[in-house]
Structures are given as structure tokens and as C-alpha cells.
Amino acid sequence: MADRHPLIAGNWKMNLTVDEAVDLAAKIRAGIAERTVGADVVVGPTDLCVEAVSRELKGTIVGVAGQNMHKERSGAYTGEVSGEMLRAAGANWVILGHSERRQYFGETDAGVAAKAVSALAAGLKPILCVGETLEERESGRTLEVVLGQVDGVLAGLPENELAGLTLAYEPVWAIGTGLTASNEQAQEVHGAIRNRLATNLGSAIAEKIRILYGGSVKPDNVAGLLALQDVDGALVGGASLDAESFLSLIPPLPST
Ligand code: PEP
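Residues numbered from 1 in each chain as written. Predicted model: local features only at pLDDT ≥ 70, side-chain atom pairs only at ≥ 80, totals over all residues. Heavy atoms only, no water.

What am I meant to see in the sheet that holds strand β7 (residues 210-214) here?
Consider a sheet: its strands pair through backbone hydrogen bonds, and that pairing is either parallel or antiparallel. Within the closed barrel, the eight strands sit side by side as β1-β2-β3-β4-β5-β6-β7-β8. Their pairing is parallel. Ignoring strand direction, the axes of neighbouring strands in this sheet form an average angle of 25°. Note: strand β2 (residues 40-44) against strand β3 (residues 62-66), three bridges, orientation parallel. By the bridge assignment, V41 is partnered in β3 with V62. Taken strand by strand, helix α7 (residues 142-154) contacts β5 (125-130) and β6 (166-169), and its axis lies near 155° from that of β5. The strands touched by helix α8 (residues 183-201) within the sheet are β5, β6 and β7, with β7 carrying the most contacts at an inclination of about 155°. (Pairing = 2+ DSSP bridges. Helix = DSSP H or I, 4+ residues; strand = E, 2+ residues; numbered from the N terminus. Axes fitted to C-alpha atoms, helices over the stretch in contact; angles between N-to-C directions. Contact = heavy atoms within 4.5 Å.)

As C-alpha cells, this is what we get:
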């Protein structure tokens, strides 16, 4: 993981009512207070719960992420929420380009890049997701697809924001399936992403950008993944919906 500070982010997807989300946030708050925490920690409730969860987690180290946003600040976009609105409700992060957004809502790399520009302008830190489908992996196109997505989602981002960015490599075939990329598969893709970033942005910036792994991360596989050279944390779906399992994914402060 080099010198990068890890990030553990929970994606709650379309789960939990406001009361349930606040209850989970309260359990995470209590658990965090009881342990040393060697990572940045973020939870991603639905838009409807961002305000209440942010209030519950105020004063803790736990950040709050939206799961998506519109690229415009406001306007006639029925059903949408802007970065400014998420920020005003208490979010400081936003997950963009999740494979479920790409698969079910037609999101493209260019659309994700436009949202990322707008997120940064709104004061949100984007987590930009990339990942190949099973078919793409089986036809030997993993790196071509993933690196193409990396180029696409970073296009047009302000140069001064690049070093602070977070990418998430999430093989689509590993999301919610119980299948995880092996440590070798994860490191191969993370290393290739890091090399691409170094080629395109310079190695100083590439060494700063965090690359999370996502795809059925669980308490029993997280340590192996976090130990990999180019894995800087995890984006977690299912295992983030239970406070104990989410808390057990967070590495402690290394002893000095
Ligand atoms: C995700 O939603 O980003 C994810 C990785 O889900 P899961 O951990 O359930 O595979």
C-alpha cells in the first residue's frame, strides 16, 4: 500500500430507511470510538439519508458519500440531485460511475468525468469507479477496458485536483457475487492503473492517487487485499450494511 493512507468506503446502495441508516451510522460511530483507526472511513447512504447520517456522524472521522449526482448545479432534471445539494446535506464524498450506474442507467466515462468536475467544484471528493465485466475478462480485454475507463473518467479534471483523487477498481463479476479477484488479479490491475497514471500524469501524482479495490470484500479477505502494493483501501457493498463486519474491515493504526 506504499505510503498512501488507506480508505475504507461503504456503499449502502438502495438499502435502509432513514431510521435504519441512522441506526447503522450510530453503531459505526460507537465502534469507531472504541478502536484505533488506521484509515479514512466513509459511508454512502441513499440521498434521502445523507442529511440524517451526516448529523449522526458529525464530529467523527467518518465521512459521508453520495452514491451519484447530476453534473448540473440545479435545473429541470426531475428526480436528480446535484453536488451542491449533497454537500449542503452534509456529504463530503461522492461515488461516481459505479458499475450498477453504468449497467442500469447508461452512465459513460465522459458522463462520469463531467460529474467529477462538477463534484470537485461543489467541494465533494469523487470516488471514480472502473471495472471489467466477466465477458471482457474472459476475452482477455481486462486491462484494455479498465485503462480506457481510467483515461475516460479522468479526462478534463483540473490538474491541481489530480493528486487528491480516489479511483476504485471493481471487477463487475465480483460485485455482490461472493467472487473476489485473487490477490494476483487485483494487484495486476491496480499496478497497471498506477503505471497508466504515471505515464499520463507523472509518477509524483500517480503515487498519491488512491486506488481502492471493490468486489465482495469481506472481513476474511480484506487483510490480504490491503497488503497489496497498489491497493489503497476498499469500496464495500454487502459487508458495509452490518456495523460489526464493516468495522472489522478497518485496519487499526500501525503500532510504532
Ligand atoms: C460495491 O457495491 O461497490 C461492491 C463492491 O459491492 P459488494 O461488496 O457487495 O460486492
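Can you walk me through the pattern of salt bridges in this structure?
Once the charged atoms of two side chains with opposite charge are near each other, the side chains can pair. Under the defined criterion, the tally for this structure stands at 18 salt bridges. Residue E72 is joined to K71 by a salt bridge in which the shortest nitrogen-to-oxygen separation is 3.2 Å. For K71, a relative accessible area of 40% gives the class partly exposed. Here the salt bridges share partners, and the residues they tie into one network are R4, R194, E207, D230 and D232. (Salt bridge = Lys/Arg side-chain N within 4 Å of Asp/Glu carboxyl O. Buried < 20%, exposed > 50% of the residue type's maximum accessible area, 1.4 Å probe, protein only.)

Mind showing me how you'd approach the site of the ligand here?
Near the ligand, the surroundings consist of 14 residues, among which K13, E170, G176, S216 and G237 are the closest. A distance of 2.7 Å separates an oxygen atom of the ligand from a polar side-chain atom of K13. At 2.6 Å, a backbone N or O of G176 approaches an oxygen atom of the ligand. (Near = heavy atom within 4 Å. Polar contact = N/O pair within 3.5 Å; in protein donor to acceptor, adjacent residues only side chain to side chain.)

Quick question: what am I supposed to make of unusual backbone geometry here?
Glycine aside, the phi torsion of most residues is negative, and most peptide linkages are trans. Even without glycine at this site, K13 takes up a positive phi of about 50°. Structurally, K13 can be placed in the loop between β1 (7-11) and α1 (18-33). Phi angles above zero are rare outside glycine, and S216 is one such case at about 55°. Here S216 lies in the loop between β7 and α10 (222-226).

What is the right way to look at the packing of helix α5 (residues 109-121) against α7 in this model?
Each pair of packed helices can be summarised by the angle the axes make with each other and by the distance between the axes. At their nearest, the axes of α5 and α7 sit 7 Å apart, and the two run at 40° to each other. Here α5 lies oblique to α7, going by the angle between them. Relative to α7, α5 is oriented so that their crossing is right-handed. Seen from α5, the contacting residues are D109, V112 and A113; seen from α7, they are G148, Q149, G152 and V153. (Parallel < 35°, antiparallel > 145°, perpendicular 65-115°, else oblique. Left-handed = near helix turned anticlockwise from the far one by under 90°.)

Such coordinate-based values are descriptive only and should not be taken to indicate function.
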